[in-house]
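For reference, the chains in residue letters:
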Amino acid sequence: MIAQNNVRSTNNDPVESSESSPITGSAGSGAGASRLFRHFGSLFSPPVPSSDPAGYVEFGSISDPSASSGRTLGTFAGVFCPVALSMFSALVFIRVGFIVGNAGLYVTLLQFLIAYVILLFTVSSVCAISTNGAVEGGGVYFMISRTLGPEFGGSIGTLFFLANIVGCGLAISGCAEGIIQSFGPTGDAGTSGSIPDGRWWRFLYCSSINTLMLIVVLIGAEMFAKTSVVILGVVVVCLLSTYVSFLTQGPIDVPLPHENHLVNFTSAWYTGLQADTLWANLYSNYTKDYTSNGNQVNFAVVFGVLFSGVTGIMAGANMSGELKNPSKSIPAGTLSAVLFTFLCYMALAVLMAATTTNTLLQNNFLFLAPINLWPSFVTIGILTATFSTGLSNLIGASRVMEALAKDRVFGPLMSFVVKGTYKANPIAAVIASWVLVEAILLIGSLNTIAQINSVLFMLAYLATNLACLGIEITGAPNFRPTYKYFTWHTAFIGLLGTGIMMFVINSIYALSSIILCMFLVIALHLFSPASQGAQWGSISQALMFHQVRKYLLMLDSRKDHVKFWRPQMLLLVSSPRSCCPLIHFVNDMKKGGLYVIGHVKVGEFADNDSSSDPTIEEYTQWLSLVDHMKVKAFVELTLSRTVREGIQHLIRIAGMGAMKPNTTILGFYDEEQSRDFFEFEESPYRTNEFDGNGVKLFPYRKSGETKALEAMEYVRIIDDVLRMKKNLCLCRHFHRLDKQMIARNNHIRYIDVWPVNIFDPKNEDPFDVVSQFMMQLACIINMLPVWKKLELRVFLCESETVPENSTSFDRPAEHRLDQRLKLLRISATIHKIADWNKDIDFAKHRNILKQFTGKTDSNQVMAEENINRSKLYMQRINQIIRDKSNATAVTFMYLPTPPASASVDYTQKCHHYLDLLTELTFDLPPTILVHGIDDVTSTTL
C-alpha cells in the first residue's frame, strides 16, 4: 500500500499483524385570495430543460416533460377538468342538503371555509413541489417519495393509493344512489319501480358501474381526459339548472325515499326563496342518518362527508404522466378548479338554506331532482359527476400503483404490475384497483365510506405539507420552487389543519391510518432496496444534517466532565480484510461514543499530476465496508507522503467540533501472517462484494512480501499518539477472536486485566491513570451482550519482596484495590499472583527495563547482556500470564511509554522495545496493550 508515485499507488499492508495494524494503505403568505387566484400565467417562470438518464430528476432540476412520449394533455383538459369533476363528485347533487340540514348554514359555511383553507394550503405545497423539479407519472406519490424518501414516500403513496380506491368506491356508491333515486321504487324520472332496490341489489348496481369504469380505464386514460371537458360541461349545465330552479320554483310537496324509516310522514315541503326558511336553517339541528341504520349525526360526521367531496385536488397531479408541462399545468389548473368549486358550493349552500325546509333537507338527500325545473338534469348531473369522479380515482389509484411497482418499493411483490402494462396503460394495476374497489363497495353506506375516504386523503395531504415544511426548515439550497406563494407558514397551517381535522372526523380511523402508515414506514425501511434513497434523496438526510449541525455547535468541549466520559475511538486500519474481528470488537468497546475508522493512503498529490484525489473514489468502498460489517462508524481517509504523517493528520482532523476521538487504536507490529476474513470459509465476515472485476479491494500483505513500515516508524507513531494527548491501545491476536464461539462455548469465561507496568513495576500501578483507563474499557466490554456472561478478573501483582509469613502489606493492597473497584462500581474479582515475587526479581530487572521506555537517561547505552536478560524476564512473565489465560476471551495489559526519541541508540531501543512487547504478549488470547492519558472514572455523583 506504500508506493511513492504521486497519487496513484498500489496497496500493501503497512503493518503486518493479523489486525493489519492500523495503519493504512497507500496511495409570501400574506397575499389575499383574490391576488392568489389571478394571473396564473405570471406565477411561474419558464422551466429549464435538463435530462436525467436514470429516469429520476435531481432536486431542483427541471426537465421538459413535453418532450416525453405520450404527453398530450394541457392545463384545462389535463388538470382543471379532472380536479373540478373530482371536487364536485357525489357531494354536489347528493349530500350538500344533508350537510346544510344538519349543520345549519353558518356551520356549513364554516366547514367549507375550513376545508378549503386546508385544501388551499395543501395545493400551495403541491405547487411548490411540482414547480421545483420535473414531475413524472405517479403524481402525488412521485412528489412525496422524491421529497421524503422511499420509506415515507412509499408508505404515504400506499395510503394515497388506498384513498383513491376508497374515493372510487364513494363515487360509485353515490352513482348507484342516484340511479335508485331516479329509477327505483320512488323514481323521480317518472319510471317508478323500473328497477328493484335492496342492499345486495345496490351492490350489484355498484359492481356493474365499477366494471363499466374498468372497461373505460382499460381503453386509456387519455380518452377519459379528453371527454372530461364534455363531462364537466354537462355537470356545470346541470348545476346551473339547479340554481335557476332555486330562484324560480315555488312551494312543492316532495315525497321522502321509501328506505327512510326514521319518520312517520311521507313528504316534506320545499318552500322556494323565503326569509323564514333561511332563518330556520341558520343554526345546527343534528338528527339521525336514515342511510346508515339511524346513526346519530354530529359535526364530525358532517365534516367527514363534506371533506370527502372536495378531496379531488390531486386529480390533476395524478395525471402528471400525461401532461405536456406538469410543472406549469398542475399549479394553474388546480388553483383555478379550487376557486371555481368553492364559489359553486358556497352559492349552492346559501340557496338550499333559503329555499328548503330543514325537514326535507334531513330526510331526503336527493330532493334536488323533484324540485328542479328539468328533473332529468339532476339525474344526468349525478351520474356524470359521480361516474367521472370514480373514473378519476380509479385512474389515479392505478397510476400510483404502477409508480410503486416501477420503483420496486415493495421489491418483487408488485412486479406483476410492471409486466402487466400494455401500450403504457397499466392493465394489471387497473384490474387490481378494480378488485379493491369491489371490496370497499361491500361497506354499503355512503356516509361511512366518506369518513374513511376523508381520513385517508387528509393523511396524504398532511404528508405533502410535511414534505414541504421539512424542506423549507432545512434550508436546502436546491429547493427553489417557481411558485411564488409558498412559505413555511402555509405548509405548517396545512399540516396543522389536516392533523386536527383527521381526528375531528373520526379518531379511530385517523389513529388506524397513522399506525398503518408507521408500520409501512418501518417495513419499507427494513426491507425495501436501499438504492432508492441514494437516487431520489431523502428529506431525513437533510433534517438530520440540520439538527446534527445545530447540536454540534451547542456541544462545547470546555464543558466536558469526567462523569460523562465515553470512549471516542479512532481505529487505524491498513486492510480491513485482515482485521474484521478487531473492527467489530472496537464497535462494541465504543459504548455509544464516536467511532472513526481511519486509513492512510501513501502518495503525493502533485501539482503536475492531473489525476483526481484517489481517496474520493475509495471512500464509497469504505462506506460499503462499514455497511457489510454492520458497525456504527465513520470513515476518514487521507493521502500523505508517509504513514506517520497521515496518522498525525487523522488524529488532528477526525471528528468535528467537540466530537473528536480521544482514543487511538493500532494493530500490533509483528511477523504473524494476515488472514483474509472475506475469503476464509468459516468467517462470519465472508463476502465477495469487494472482489469485483478480478480486482480485490483492500489488499493486504501476503507471505513473503516486505513490510511497508519500519519498526522505528511504528514506535514513533506510538510516541506521536501519546504526545498528542490521546489514549492509546495496541491490539494483538485479534484474528483469534470469535464472538460466536464465546456466545456458545462455556469454556471461555473471563476478561482479564493486568494493571502492572512490567517495564517499571510499582505497588501504585493498579491505581494510576493507565490502570483506571484499562479497567474502564474492560468494564465497558463486560456490559455488552455476549460479553456480559464473562467474569471480569483483575490480577494483583506485587513488585516488592514481602517478609515471609507477613500480611502487613498484601492485605492493605488487596483491600485498597477492592475498595477502589467498589467505588468505581466495577464488578470484578481480584486474583493475587502468589508466586509473582518468588519467580521474578523485579528489583534486579527494573533498571534494565527502564532503558527501553521514555523514563530513562537518554544517554544510557544498552549492553547486550542486559538485552538478553530482559527478554528472558519477559518470557517468564509471559508464561505466568499464559498459565492464567486458558479460559480468557480478552486480556488488557499495561503499555509502557516508548523510548525517548532523543536517547542514544534510539533505533536499537525501538527494536528492543517492540521485541519485549512481542515476548510479553506471545501466544496470549486477543490482547490489548493500553496506555491512558487522562482520568476517565469518577467516584462522585
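Note that residues are indexed from 1 along each chain, following the sequence as it is written. Since the coordinates come from a predicted model, pLDDT governs what is reported: local features require at least 70, and pairs of side-chain atoms require 80 or more to be given and counted, while whole-chain, interface and lining totals use all residues. The basis for the side-chain values is all heavy atoms of the structure; hydrogens and waters are excluded.

Asks: Tell me about the overall build of the protein, and name the residues and values.
Replies: Secondary structure summary: the protein contains 32 helices and 16 strands in total. Per-residue accessibility, obtained with a 1.4 Å probe over protein chains only, is compared with the maximum for each type, and a residue is labelled buried under 20%, exposed over 50%, and partly exposed between these values. By the burial criterion, 57% of the 941 residues in the protein qualify as buried. Reported accessibility uses the Shrake-Rupley method at a 1.4 Å probe radius. Residues are deemed covered only where the shown protein chains occlude them. As presented, the protein carries roughly 38,100 Å² of accessible surface, and 58% of it is formed by carbon and sulfur atoms. Numbering goes from the N terminus for both helices and strands, where a helix is a DSSP run of H or I of at least four residues and a strand is a run of E of at least two.

Asks: Which residues make up empty space enclosed by the protein, and what are the values?
Replies: Remark: the empty space left among the atoms is shown by a probe the size of a water molecule rolled over them. Lining residues are those with an atom within 4 Å of a point, where the points come from a 1 Å grid over the protein atoms alone and group into cavities, where a 1.4 Å probe fits but cannot get out, or pockets, open sets with protein on both sides within 12 Å along at least five of seven lines. Grid points are joined across faces, edges and corners, and a volume is the space filled by probe spheres set on the points. The volume enclosed by the second largest cavity comes to roughly 60 Å³. In this structure, the second largest cavity is lined by Ser86, Ser89, Gly167, Leu170, Ser308, Thr311, Gly312, Thr389, Asn393, Asn453 and Phe457. At the level of elements, helix H5 (150-183), helix H14 (375-406) and helix H17 (446-474) are the ones that each hand at least two residues to the lining of the second largest cavity.

Asks: Explain the sheet that holds strand S11 (residues 727-732) to me, using residue names and the numbers behind them.
Replies: At least two bridges found by DSSP between two strands is the condition for calling them paired. Read from one edge to the other, the open sheet built from 10 strands follows the order S9-S8-S7-S10-S11-S16-S15-S12-S13-S14, with strand pairing classed as mixed. Each edge of the open sheet is held by one strand with a lone partner, namely strand S9 (634-640) and strand S14 (829-832). Strand-to-strand twist in this sheet, taken as the mean axis angle between neighbours without regard to direction, amounts to 25°. Axis lines are fitted to C-alpha atoms, over the contacting stretch for helices. Their N-to-C directions set the angle, which ranges from 0 to 180 degrees.

Asks: Which residues make up helix H2 (residues 75-88), and what values do they have?
Replies: Given a helix with a known number of residues, its expected span is that number minus one, times 1.5 Å. Between its first and last C-alpha atoms H2 spans 18 Å; for 14 residues at 1.5 Å apiece the expected length is 20 Å, and the two agree. The largest bend in H2 amounts to roughly 25° and is located at Cys81, with the proline Pro82 lying one to four residues further along. Listed as buried for H2 are Ala77, Gly78, Val79, Phe80, Cys81, Pro82, Val83, Ala84, Leu85, Ser86, Met87 and Phe88. Within two residues after H2, Ser89 carries a phi angle of roughly 40°, on the positive side. To get the bend at a given residue, fit one axis to the seven residues ending there, fit another to the seven starting there, and take the angle between those axes.

Asks: Outline the pattern of salt bridges, listing residues and values.
Replies: In what follows, salt bridge is the name for a side-chain nitrogen of Lys or Arg lying within 4 Å of a carboxyl oxygen of Asp or Glu. Under the criterion given, the structure shown has 17 salt bridges. Residue Arg95 pairs with Glu177 through a salt bridge whose shortest N-O separation is 2.9 Å. Of this pair, Arg95 sits in helix H3 (residues 91-130) while Glu177 sits in helix H5; the two residues are 82 residues apart in sequence, bridging distant segments of the chain. Note that Lys822 and Asp818 form a salt bridge whose closest N and O atoms lie 3.4 Å from each other. Taken as a pair, Lys822 and Asp818 lie in helix H28 (residues 810-823) at a separation of four residues, close to a single helical turn. Residue Lys822 is classed as exposed on the basis of its relative accessible area, which comes to 54%. Under the relative-accessibility criterion, Asp818 is labelled partly exposed at 26%.

Asks: Before we move on, could you go through the confidence of the model for the protein and cite the residues and values that matter?
Replies: Detailed reading of predicted coordinates is not advised where the pLDDT is low. A residue-level look at the protein finds 82% of positions with pLDDT of 70 or above and a mean pLDDT of 80. Confidence scores per residue from the predictor, reported as pLDDT, run from 0 to 100. Residues count as neighbours in contact if any of their non-hydrogen atoms are within 4.5 Å of one another. Across residues 1-69, where pLDDT falls below 50, the model places 234 contacts with residues more than four positions away in sequence or in other chains. Under a pLDDT of 50 for its full length, residues 801-810 has, in the predicted model, six contacts with residues more than four places off or in other chains.

Asks: Explain the packing of H3 against helix H18 (residues 488-505) to me, using residue names and the numbers behind them.
Replies: Contact pair H3 / H18: the axes reach a minimum separation of 8 Å and the direction vectors enclose 135°. It follows from the interaxial angle that H3 and H18 lie oblique. Both H3 and H18 take part in a crossing whose hand is left-handed. Contact residues: Ile114, Ile118, Phe121, Thr122, Ser124 and Ser125 in H3; Thr490, Ala491, Ile493, Gly494, Gly497, Thr498 and Met501 in H18. Across the contact of H3 with H18, the residue classes tally to six nonpolar, seven polar and no charged. Note that the term roughly parallel is reserved for angles under 35 degrees, roughly antiparallel for angles over 145, roughly perpendicular for angles of 65 to 115, and oblique for everything else. Two helices that cross are described as forming a left-handed crossing if the nearer one is turned anticlockwise from the farther one by less than a right angle, and a right-handed crossing if clockwise. Residue classes follow a fixed rule: Ala, Val, Leu, Ile, Met, Phe, Trp, Tyr, Cys and Pro count as nonpolar, while Asp, Glu, Lys and Arg count as charged, and any other residue, Gly among them, counts as polar.

Asks: Tell me about unusual backbone geometry, residues and numbers included.
Replies: Across the chain, the bulk of peptide bonds are trans and the bulk of non-glycine residues have phi less than zero. A positive phi angle, near 55°, is found at Arg408, a position not held by glycine. Note on Arg408: relative accessible area 41%, which makes it partly exposed. Even without a glycine there, the phi angle at Lys630 is positive, about 60°. Note that Lys630 resides in the loop between helix H23 (614-629) and S9. Under the relative-accessibility criterion, Lys630 is labelled exposed at 66%.

Asks: How would you explain a nonpolar patch on the surface if you had to name every residue and give the values?
Replies: Taken together, Leu110, Leu113, Val117, Trp488, Phe492, Ile493, Leu496 and Ile500 make up a surface patch of nonpolar side chains, about 700 Å² in accessible area. For the nonpolar patch, the elements supplying multiple residues, two or more each, are H3 and H18. In terms of residues, the nonpolar patch owes the most to one element, H18, which gives five residues. Its place among the elements puts Trp488 in helix H18. In this analysis, a patch consists of residues with relative accessible area above 30% that form no salt bridge, clustered at 9 Å for like charges and at 5 Å for the nonpolar side chains Val, Leu, Ile, Met, Phe, Trp and Tyr.

Asks: Kindly report on the layout of surface pockets, identifying the contributing residues and their values.
Replies: Each pocket or cavity is described by its volume, and for the largest pocket that value is around 1,200 Å³. Lining the largest pocket are 26 residues, with Gln541, Met544, Val548, Ala633 and Phe634 positioned closest to its centre. Of all the elements in the fold, those that place two or more residues in the lining of the largest pocket are helix H21 (539-554), H23 and S9. A class-by-class count of the residues in the lining of the largest pocket yields 18 nonpolar, four polar and four charged.

Asks: Give me the lowdown on the nonpolar core, citing residues and values where you can.
Replies: Nonpolar side chains tend toward joint burial in soluble globular proteins. The term nonpolar core refers to a set of buried residues drawn from Ala, Val, Leu, Ile, Met, Phe, Trp, Tyr and Cys, joined through side-chain atoms within 4.5 Å. Core analysis: the largest hydrophobic core is formed by 153 residues, its most contacted members being Phe93, Phe246, Phe307, Val310, Tyr345 and Phe367. Among the elements that make up this core, the one with the highest residue count is H3 (22 residues). If sequence neighbours within four positions are ignored, Phe367 has contacts with Gly97, Phe246, Val254, Met352, Thr356, Leu360 and Leu361. Within the second largest apolar cluster, 64 residues are counted, among which are Val635, Ile748, Val890 and Tyr894.

Asks: So what's going on with the pairing of S9? Residues and values would help.
Replies: Of all seven residues in S9, five are buried, a share of seventy percent or more. Across seven bridges, strand S8 (residues 595-602) lies against S9 in parallel orientation. Residue pairing for S9: Lys601 is matched across the bridge by Leu639.

Asks: So, the pairing of strand S7 (residues 569-572): which residues are in play, and what are the values?
Replies: Neither face of S7 is open: one carries Met569 and Leu571, the other Leu570 and Leu572, and all of them are buried. As defined by bridge partners, S7 adjoins S8 across four bridges and the pair is classed as parallel. Note on S8: the bridge partner recorded for Met569 is Tyr595. Crossover handedness is defined by viewing with both strands directed away from the observer: a clockwise path from the first strand over the helix to the second marks the crossover as right-handed. Remark: the S7/helix H22 (residues 580-589)/S8 crossover connection has right-handed handedness.

Asks: Got a sec to walk through the packing of aromatic side chains? Specific residues and values, please.
Replies: Given two aromatic rings, their pairing is described by the distance between the two centres and the angle made by the two planes. Between 30 and 60 degrees the pair is tilted, below 30 it is stacked and above 60 it is edge-to-face, where a pair is any two Phe, Tyr or Trp rings, Trp via its six-membered ring, whose centres lie within 6.5 Å. Scanning the model with the defined rule gives 30 aromatic pairs in all. Seen in terms of ring centroids, Tyr106 and Tyr283 are 5.4 Å apart; in terms of plane orientation they differ by 85°. Their pairing is edge-to-face. Of this pair, Tyr106 sits in helix H3 while Tyr283 sits in the loop between helix H8 (275-280) and strand S3 (288-289), placing them 177 residues apart in sequence. Of the residues examined, Tyr283 reaches a relative accessible area of 47% and is grouped as partly exposed. Three or more aromatic residues joined by ring pairs make a cluster, and in this case those are Phe76, Phe80, Phe88, Phe112, Phe340 and Tyr345. Consider the ring centre and the ring normal. A charge sits over the ring if Lys NZ or Arg CZ is within 6 Å of that centre and within 35 degrees of that normal. Sitting above the plane of the Phe680 ring, Arg675 keeps its charged end 4.8 Å from the centroid. If you follow Arg793 out to its NZ or CZ, it ends over the ring of Tyr750, 3.7 Å from the centre.

Asks: Please provide a residue-by-residue account of the packing of helix H9 (residues 299-308) against H17, values included.
Replies: In the contact formed by H9 and H17, the axes pass within 8 Å of each other and the chain directions differ by 70°. Comparing the axis directions of H9 and H17 gives the class roughly perpendicular. The two elements H9 and H17 cross, and the hand of that crossing is left-handed. Only Asn447, Ala450, Gln451, Asn453, Ser454, Met458 and Tyr461 of H17 make contact with H9, whose side of the interface consists of Val301, Phe303, Gly304, Val305, Phe307 and Ser308. Residues of the contact of H9 with H17, tallied by class, amount to seven nonpolar, six polar and no charged.

Asks: I'd like a rundown of helix H25 (residues 711-723), residues and numbers included.
Replies: Helix length check: H25 (13 residues) gives 18 Å between terminal C-alpha atoms against 18 Å at 1.5 Å per residue, within 8%. In this structure, the buried residues of H25 make contact with helix H24 (643-653), strand S10 (663-667), S11, helix H32 (906-920) and strand S16 (927-931). Backbone geometry just downstream of H25 places Lys725 in the positive-phi region, at approximately 60°.

Asks: Can you break down the environment of Leu361 residue by residue, with the values?
Replies: Along the chain, Leu361 falls in helix H12 (residues 358-363). In this structure, the C-alpha to C-alpha distance between Leu361 and Val100, residues 261 residues apart in sequence, is 7.2 Å. Beyond its immediate sequence surroundings of up to four residues, Leu361 is in contact with Gly97, Phe98, Val100, Gly101, Asn281, Thr356 and Phe367.

Asks: I'd like to hear about the state of the cysteines, residue by residue, with values.
Replies: In this description, a disulfide is simply a cysteine sulfur pair whose atoms lie within 2.5 Å. According to the stated counting rule, one finds zero disulfides in the structure shown. Here Cys206 stays unpaired: no disulfide links it, and the sulfur of Cys175, its closest cysteine neighbor, is 8.2 Å away. In this model Cys579 remains outside any disulfide bridge; the closest cysteine sulfur is found in Cys580, 6.4 Å from its own. Taking the relative accessible area as the measure of exposure, Cys579 reaches 1% and is therefore buried.

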